[in-house]
Every structure is written in structure tokens, then in C-alpha cells.
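Breakdown of the fold
For reference, the chains in residue letters:
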Amino acid sequence: INNNVKNPNQYHYIDKEIIKVSVLLNDINENTGGGISYIHGSHINKKISNNNMKNFYGSCGDVFINYQNGYHKKMQQQNSIHYFLNLFFEIKNKK
């Protein structure tokens, strides 16, 4: 549950190979804010560029799948509560 997030994290990445699957349990749009921002290609070169910034919004039931090793952040919300079902999968190398 994200309740009226006003000061979300800066862009960050997790230094593990983790895939996050988020199922939206209510609508998230530009009017209410709170979408997800991802820097396309940053899982490869770790550079932040506004040219590669992609913002994602969706409707109840939509599924977001993102690679946590790339730069990402939650965007600011405006008087809204968002509900997600989040699943995390870590890729581990067998030795």
C-alpha cells in the first residue's frame, strides 16, 4: 500500500538480479500520480539520462514487470492511495 507518497526515493537500483512483478489493485494515472519511472537501458550501463526515462501508469489488473538492477523510482502521489501485489524473483547463478 502506498498512501499519498510526497517524497519518493531518488532513482536507485538493486545490485542483485531481481525481477519485480507488480499487479495493480487500483488505477494509477497521471492525475493521481504514483506511477513507476524507469531509465531504459540502465541495467546495462548504469547511466541516468532524461532521454531514456519512461513513466508507467495503469489500470486495475495491469501487471508491471521490471528488472530491479536498472534505475527506477516511485513517482510522487497526489492525494491518493495505491494498492499493489508485489512479487520478487531473484536470479541466482548455480556454481
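If you're wondering where the values come from, they're calculated on a predicted model, not measured in any experiment. (Residues numbered from 1 in each chain as written. Predicted model: local features only at pLDDT ≥ 70, side-chain atom pairs only at ≥ 80, totals over all residues. Heavy atoms only, no water.)

Among the surface-exposed residues, Leu25, Ile81, Tyr83, Leu85, Leu87 and Phe89 lie close enough to one another that they form a single nonpolar patch of about 530 Å² accessible area. Ranked by the residues each element gives to the nonpolar patch, the list is headed by strand S8 (residues 84–90), at 3 residues. Relative to the elements of secondary structure, Leu25 occurs in the loop between strand S2 (18–24) and strand S3 (36–39). Under the relative-accessibility criterion, Leu25 is labelled partly exposed at 47%. (Patch = residues over 30% accessible without salt bridge, like charges linked within 9 Å, V, L, I, M, F, W, Y side chains within 5 Å. Areas by Shrake-Rupley, 256 points an atom, 1.4 Å probe, with all protein chains shown as cover. Salt bridge = Lys/Arg side-chain N within 4 Å of Asp/Glu carboxyl O. Helix = DSSP H or I, 4+ residues; strand = E, 2+ residues; numbered from the N terminus. Buried < 20%, exposed > 50% of the residue type's maximum accessible area, 1.4 Å probe, protein only.)

With that settled, the discussion passes to the sheet that holds S3. With antiparallel pairing, 3 strands are arranged side by side in an open sheet as S4-S3-S6. The open sheet terminates on both sides in strands that have one partner only, identified here as strand S4 (53–56) and strand S6 (72–74). Ignoring which end each strand starts from, the neighbouring axes of this sheet average 20° apart. (Pairing = 2+ DSSP bridges. Axes fitted to C-alpha atoms, helices over the stretch in contact; angles between N-to-C directions.)

Here we take up the nonpolar core. Core analysis: the largest hydrophobic core is formed by 5 residues, namely Leu24, Ile28, Ile36, Phe64 and Phe84. The residues contacting Ile28, other than those within four sequence positions of it, are Gly33, Gly34, Gly35, Tyr57, Gly58, His82 and Phe84. (Core = buried A, V, L, I, M, F, W, Y, C linked by side-chain atoms within 4.5 Å. Contact = heavy atoms within 4.5 Å.)

Right, let's talk about unusual backbone geometry for a bit. The backbone of Asn79 shows a phi angle near 50°, a positive value even though the residue is not glycine. Relative to the helices and strands, Asn79 resides in the loop between S6 and strand S7 (81–82).

Within a regular strand, the side chains alternate between the two sheet faces. Across the two faces of strand S5 (residues 63–67) the burial differs, with Phe64 and Asn66 buried and Val63, Ile65 and Tyr67 not buried at all. In this sheet, S5 lies alongside S2 in antiparallel orientation, the contact comprising 5 bridges. Its bridge partner being in S5, Val21 is matched across the sheet by Ile65.

Let us now look at the pairing of S2. For S2, a buried count of 5 out of 7 residues is recorded, marking the element as mostly surrounded by other parts of the structure. In this sheet, S8 lies alongside S2 in antiparallel orientation, the contact comprising 7 bridges. The partner of Ile18 across the bridge, within S8, is Glu90.

This part takes up the packing of aromatic side chains. Tallied over the entire structure, the rule returns 2 aromatic pairs. Between the aromatic rings of Tyr13 and Tyr71, the centroid separation amounts to 5.0 Å while the plane-to-plane angle is 80°, which identifies the pairing as edge-to-face. Remark: Tyr71 occurs in the loop between S5 and S6 and Tyr13 occurs in the loop between strand S1 (2–3) and S2; sequence separation between them is 58 residues. (Phe/Tyr/Trp six-rings, centres within 6.5 Å; stacked < 30°, edge-to-face > 60°.)

With that settled, consider the environment of His43. On the secondary structure map, His43 appears in helix H1 (residues 42–45). Note on His43: relative accessible area 32%, which makes it partly exposed. When neighbours within four sequence positions are excluded, His43 is seen to be in contact with Tyr38, Tyr67, Asn69 and Gly70.

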